[in-house]
Amino acid sequence: GYINMLQAITEKQYGKTNEAVLMQAFLLAQSNYKVRLAFGEGKLFVLVASQYSILGMGRYQLDGEYFYPLNCNIKKLNICKAAFDNEKSISLQLRKEQKLDNDLTAPRKLSSKFGVVANVSVNKNDIDFFNTYPSAYINGNTMTRWVVYANTPLSTSIKKTLYPTLKKSITGLSERDAVNKILNFVQTAFTYEYDDKVWGHDRAFFAAETLHYPYADCEDRSILFARLVRDLLNLDVILIYYPGHLATAVGFKETVNGDYLMYKNRRYTICDPTFVNAPVGRTMTGMNNNEAQVIVL
C-alpha cells in the first residue's frame, strides 16, 4: 500500500518518468526500506527486498536476499548494489485496516440453512486494493501463502453491517453450538465454484472478497470462517491442508467431541466450511487427518 501510494504521488508530479522512479526510490530509502536501483533499455527501476517470496513476479538475488523489480517487464537489468543505512525488507502482512475512502457496495443478503439472514456492505476501495495484492509465502513454505489472507482484519463497514446479526444469532449458545452456527453460515450462505472456472487460475480471497464476490471455494471459506470465529468468539483457529483441500480446526476452551488434530499438546477440532451441513468435528469424506498439514495463524 505504501509503495502504491508513493508511485501515485511521484507520477502525478513527474509523470511515468525516470524522475518519478528515482523519487520513489529516495522516499522508500528515507523510510528505511531496502531498495536498489536498476537500469535497462533506457528506463530506471526500483527493486524492493521482501521478507516474503512473491508469486508470479521476477526476482534477483543480491547479497543472499531476493529483490523484486517494480513495474518492470525487462528481463536484463543493470543493478546498482549500493546499500543504505538501517534498511529493512517489506512485509506483506496486513495487520490493520487500510485507511481508504469509503465507497460502500449495496447491501448483499446472505442466508444460511440454520436461519441466519444477514446483510453486508463492502468497501469497493478495499476490493480494488485486494485485487492487485501479491500472493506470497515465507520461509520457503508455500502453505503459508494463506496466512496473509486469513490474518487480514475485516473493515469497520463490514463489522458494522454483518457482525451485529451474527453476534445476535450466537448469543447464549455454548462454544460448540455457536461455532456450528457460524460454520453452517459459511457452508450454506455462499455458492461454491472452482477458481479455474471463475478466474482462469487459482486465486485465494481475503475475507472481504468472499463477502463481495458471488462465488467462493474451500480456501476462501476457510479464510472467512477463521476470521469470524476469532473475531466473534475469541477462539484460536488453525488452517488444515489436505492434498487438494483446505479446511480449519478450532481450539475450543470447553470439551467438544469429534474428529480433531493435536498441535503443541492442544486439541483442535475439525470444522470444514466446505463440507455442507457437516457439524463441528466432522472431517470431509475422503480426507485423511493423519496426512493433514497444520498452518498456524
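Quick note: structure is the one above.
All values derive from a computational prediction rather than experimental measurement. (Residues numbered from 1 in each chain as written. Predicted model: local features only at pLDDT ≥ 70, side-chain atom pairs only at ≥ 80, totals over all residues. Heavy atoms only, no water.)

1. Quick notes on the packing of helix H6 (residues 175-188) against helix H9 (residues 218-233)
Contact pair H6 / H9: the axes reach a minimum separation of 10 Å and the direction vectors enclose 150°. Between H6 and H9, the angle falls in the class roughly antiparallel. You can see that H6 and H9 cross each other, and the crossing is right-handed. Two secondary-structure elements touch here, H6 through Ala 178, Val 179, Ile 182, Leu 183, Phe 185, Val 186 and Gln 187 and H9 through Arg 221, Leu 224, Phe 225, Leu 228, Val 229, Leu 232 and Leu 233. Each residue belonging to the contact of H6 with H9 can be placed in one class, and the counts come to 12 nonpolar, 1 polar and 1 charged. (Axes fitted to C-alpha atoms, helices over the stretch in contact; angles between N-to-C directions. Helix = DSSP H or I, 4+ residues; strand = E, 2+ residues; numbered from the N terminus. Parallel < 35°, antiparallel > 145°, perpendicular 65-115°, else oblique. Left-handed = near helix turned anticlockwise from the far one by under 90°. Contact = heavy atoms within 4.5 Å. Nonpolar A, V, L, I, M, F, W, Y, C, P; charged D, E, K, R; others polar.)

2. With respect to the pairing of strand E1 (residues 35-40)
Where E1 meets strand E2 (residues 43-49), 6 bridges bridge the pair, whose relative direction is antiparallel. Residue Leu 37 lies in a different strand from E2, and its bridge partner there is Val 46. Joining the antiparallel neighbours E1 and E2 is a turn of 2 residues, in which Glu 41 adopts a positive phi near 55°. (Pairing = 2+ DSSP bridges.)

3. What about the sheet that holds strand E12 (residues 236-242)?
In a beta sheet, neighbouring strands pair by backbone hydrogen bonds and run either parallel or antiparallel. Strand order in the open sheet made by the 5 strands is E14-E15-E13-E12-E16, with antiparallel pairing throughout. In this open sheet, the two strands that pair with only one neighbour each are strand E14 (260-263) and strand E16 (293-295). Neighbouring strand axes in the sheet, compared pairwise and without regard to direction, differ in orientation by 40° on average. Note: E12 against strand E13 (residues 245-251), 7 bridges, orientation antiparallel. Across the sheet, residue Leu 239 finds its bridge partner in E13, namely Thr 248. Strands in contact with H9 are E12, E13 and strand E15 (266-271); relative to E13, the strand with the most contacts, it is inclined by about 15°.

4. Observations regarding a nonpolar patch on the surface
Together, Tyr 2, Met 5 and Ile 9 give the surface a local cluster of nonpolar side chains, amounting to about 280 Å² of exposed area. Tracing the sequence through the fold places Ile 9 in helix H1 (residues 2-14). (Patch = residues over 30% accessible without salt bridge, like charges linked within 9 Å, V, L, I, M, F, W, Y side chains within 5 Å. Areas by Shrake-Rupley, 256 points an atom, 1.4 Å probe, with all protein chains shown as cover. Salt bridge = Lys/Arg side-chain N within 4 Å of Asp/Glu carboxyl O.)

5. Here's the deal with the nonpolar core
Counting residues in hydrophobic clusters, the biggest one holds 61 residues, and the most contacted among them are Trp 146, Leu 162, Phe 185, Leu 211, Phe 225, Leu 228 and Val 250. Ranked by size, the runner-up nonpolar core spans 11 residues in total, among them Ala 29, Val 48, Leu 70 and Ile 90. (Core = buried A, V, L, I, M, F, W, Y, C linked by side-chain atoms within 4.5 Å. Buried < 20%, exposed > 50% of the residue type's maximum accessible area, 1.4 Å probe, protein only.)

6. Quick notes on the sheet that holds strand E5 (residues 65-69)
Spatial strand order, E4-E5-E2-E1-E6: 5 strands in an open sheet with antiparallel pairing. A single partner strand is all that each edge strand has here, and the edge strands are strand E4 (60-62) and strand E6 (78-80). Here the average twist between neighbouring strands, direction ignored, is 35°. Bridge analysis of E2 against E5 gives 3 bridges, and the strand direction is antiparallel. In the sheet register, Ala 49 faces E5, and the bridge partner there is Phe 67. Here helix H2 (residues 18-30) sits on the sheet in contact with E1 and E2, set at roughly 25° to E2.

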